[in-house]
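Observations on the three-dimensional arrangement
What follows is each chain in one-letter form.
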Amino acid sequence: MNFQPRPRLTTADRRPPFDCIALLLQGGGALGAYQGGVYEALAEANIHPDWIAGISIGAINAAIIAGNPPNSRVDRLREFWTQVTLNAPFTDLMNSDHTRNFLNQVNASFAAVFGASGFFSARPLAPWLQASGTLAATSIYDTGALKTTLERLVDFDRINAGITRFSAGAVNVRTGNLVYFDSTTHTIRPEHILASGALPPGFPAVEIDGEHYWDGGLVSNTPLQYVIECGARQDTLVFQVDLWSARGQIPRNMADVVTRQKEIQYSSRTRASTDQFKSLHRLQRELAALLNRLPEDLREHEDVRLLRTAASDNVHNLVHLIYRARDYEGHSKDYEFSRLSMQDHWRAGYHDALRTLRHPQVLARPTSADGVSTFDLDQDGRE
């Protein structure tokens, strides 16, 4: 894959002082190689997630990580991203942003017409020429190749054994509700991963147990809320890896408009969600402290027991890493499957995680009143 040698992180002497380490992976198509780079840095630092949750391409990366032992996860991720990307010609001519943008659009057009190896392929006939009610009539591409790739790269028995908790978000086409396929409640199969990434109208809905599912990013492109609300009450270190930034520039042309529309639609709005969570969690901690000060004869009162279900004295670190797209990438960056771009994305994820982990507070328990510390590469990780 021609990855450049990099300085290794110092291996952690012990596990970070949290009950659960969670890795959350957002959707974003070809940009997902960034998450592979982030995971490589985490693995080098001996940080191994207890829970991995993803949506769309994030669910694919999550399945590869959870479905392999720690010593082979990075290799399997690289194998996937090498397979689905293509060596582009004329890379030696990319000496300006303008040239890179032009060639990126050519590469994206190639993927749009022919697909990506081991991932998706264009159907021979357009959907409106297909028989109504068939998968071919409701999607442009066939994702059968992805099922084969997942069966080769992912040990689903390992996922279902519960060694690492796995969750993938998808949308029920009939109800419009976001659901999560979770290894604690489901027997995970390749179909669950395909469902999480079935973005219409490109990819067909996936039928599971009589219901049809589309890409979870249609409702929410990050599993943060699910992990916070559905996880056990425990001290948690969260690494959230996003592929779309909510912040951006005012568009200057129609191509910029399409790019900015995608960024706003698929960004996780983590800062707003985190502020809301911090406010709520401070109330939960204050309630827990108050209940602990009650006399013994009141602690078992029915009303107090009910209040205790809403109280929490746990702590959380939320570490946020966002891919910052280059100016030349444009509106097709999520389906531009060239090998060069994949390597750029992977390298960016690796070095962004490297810079963030250099801050000792990232792996330390928070001491603030609300019990929540947040770390944003854009604000805390730059050097």
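What counts, and where the lines are drawn
Residues numbered from 1 in each chain as written. Predicted model: local features only at pLDDT ≥ 70, side-chain atom pairs only at ≥ 80, totals over all residues. Heavy atoms only, no water. UniProt positions renumbered as here; feature names shortened; annotations may be inferred. Helix = DSSP H or I, 4+ residues; strand = E, 2+ residues; numbered from the N terminus. Buried < 20%, exposed > 50% of the residue type's maximum accessible area, 1.4 Å probe, protein only. Contact = heavy atoms within 4.5 Å. Axes fitted to C-alpha atoms, helices over the stretch in contact; angles between N-to-C directions. Parallel < 35°, antiparallel > 145°, perpendicular 65-115°, else oblique. Left-handed = near helix turned anticlockwise from the far one by under 90°. Phe/Tyr/Trp six-rings, centres within 6.5 Å; stacked < 30°, edge-to-face > 60°. Patch = residues over 30% accessible without salt bridge, like charges linked within 9 Å, V, L, I, M, F, W, Y side chains within 5 Å. Areas by Shrake-Rupley, 256 points an atom, 1.4 Å probe, with all protein chains shown as cover. Salt bridge = Lys/Arg side-chain N within 4 Å of Asp/Glu carboxyl O. Expected span 1.5 Å × (residues − 1). Arc of directions from axis to C-beta. Polar contact = N/O pair within 3.5 Å; in protein donor to acceptor, adjacent residues only side chain to side chain. Pairing = 2+ DSSP bridges. Nonpolar A, V, L, I, M, F, W, Y, C, P; charged D, E, K, R; others polar.

What follows covers the UniProt feature "active site" (unreviewed entry) in the chain. The UniProt feature table records "active site" (unreviewed entry) at Ser-56 and Asp-215. Spanning 160 residues, the named residues form one tight spatial group whose C-alpha atoms are at most 6.0 Å apart. Residue position: Ser-56 is located in the loop between strand 2 (51-55) and helix 2 (57-66). A residue is classified by how much of its surface remains accessible, and Ser-56, at 12% relative accessible area, is buried. Beyond its immediate chain neighbours, meaning those up to four positions away, Ser-56 contacts Gly-27, Ser-196, Gly-197 and Asp-215. Looking at where Asp-215 falls in the secondary structure, it is placed in strand 9 (residues 211-215). The class of Asp-215 is buried, set by a relative accessible area of 3%. With near-sequence residues (within four places) excluded, Asp-215 lies in contact with Ile-55, Ser-56, Ala-170, Val-171, Ala-195, Ser-196, Gly-197, Ala-198 and Leu-199.

As a further point, take the packing of helix 1 (residues 33-44) against helix 3 (residues 73-84). Taken N-terminus to C-terminus, the directions of helix 1 and helix 3 make an angle of 165 degrees; their axes are 10 Å apart at the nearest point. Judged by the inter-axis angle, helix 1 sits roughly antiparallel to helix 3. When you trace helix 1 past helix 3, the crossing you get is left-handed. On the side of helix 1, the interface is formed by Ala-33, Gly-36, Tyr-39, Glu-40 and Ala-43, while helix 3 contributes Arg-73, Val-74, Leu-77, Arg-78 and Trp-81.

Let us look at the packing of aromatic side chains. All chains considered together, the criterion is met by 15 aromatic pairs. Through pairs of rings, three or more aromatic residues link up here, namely Phe-80, Trp-81, Phe-119, Phe-120, Tyr-141, Phe-203 and Phe-337.

Below, the discussion takes up a nonpolar patch on the surface. Taken together, the side chains of Leu-86, Phe-110, Val-113 and Phe-114 present a nonpolar region at the surface, about 410 Å² in accessible area. Within the fold, Phe-110 resides in helix 4 (residues 97-114). Judged by its relative accessible area of 43%, Phe-110 is partly exposed.

Bringing helix 9 (residues 254-266) into the picture now. Its 13 residues place the ends of helix 9 18 Å apart at the C-alpha level, agreeing with the 18 Å of an ideal helix rising 1.5 Å per residue. Listing the buried residues of helix 9 in full gives Thr-259, Arg-260, Lys-262, Glu-263 and Tyr-266. When helix 9 is viewed along its axis, its buried side chains cluster within an angular range of 155 degrees and face the same direction. The backbone nitrogen of Ala-255 has a side-chain oxygen 3.1 Å away, supplied by the residue at the start of helix 9, namely Asn-253.

Moving on, we get to the environment of Gly-162. Tracing the sequence through the fold places Gly-162 in the loop between helix 6 (156-160) and strand 6 (165-172). Expressed as a C-alpha distance, the spacing of Gly-162 and Ser-183, which sit 21 residues apart in the sequence, is 6.6 Å.

On to the sheet that holds strand 3 (residues 115-116). Sheet strands pair by backbone hydrogen bonding; their relative direction is either parallel or antiparallel. The antiparallel open sheet is built from three strands, whose spatial order is 3-4-5. Looking at strand neighbours, the two that pair on one side only are strand 3 and strand 5 (141-142), the edges of this open sheet. Pairing of strand 3 with strand 4 (residues 120-122) involves two bridges; the strand directions are antiparallel. The residue bridging Gly-115 from the neighbouring strand is Ser-121, located in strand 4.

Time to look at the packing of helix 1 against helix 13 (residues 339-357). Orientation of helix 1 relative to helix 13, taken along the N-to-C sense of each, is 40 degrees, at an axis distance of 6 Å. Taken together, the axes of helix 1 and helix 13 lie oblique to each other. Viewed along their axes, helix 1 and helix 13 form a crossing whose handedness is right-handed. On helix 13, the residues that touch Ala-33, Tyr-34, Gly-36, Gly-37, Val-38, Glu-40, Ala-41, Leu-42 and Glu-44 of helix 1 are Met-342, His-345, Trp-346, Ala-348, Gly-349, Tyr-350, Asp-352, Ala-353, Leu-354 and Leu-357. Here the residues of the contact of helix 1 with helix 13 sort into twelve nonpolar, four polar and three charged.

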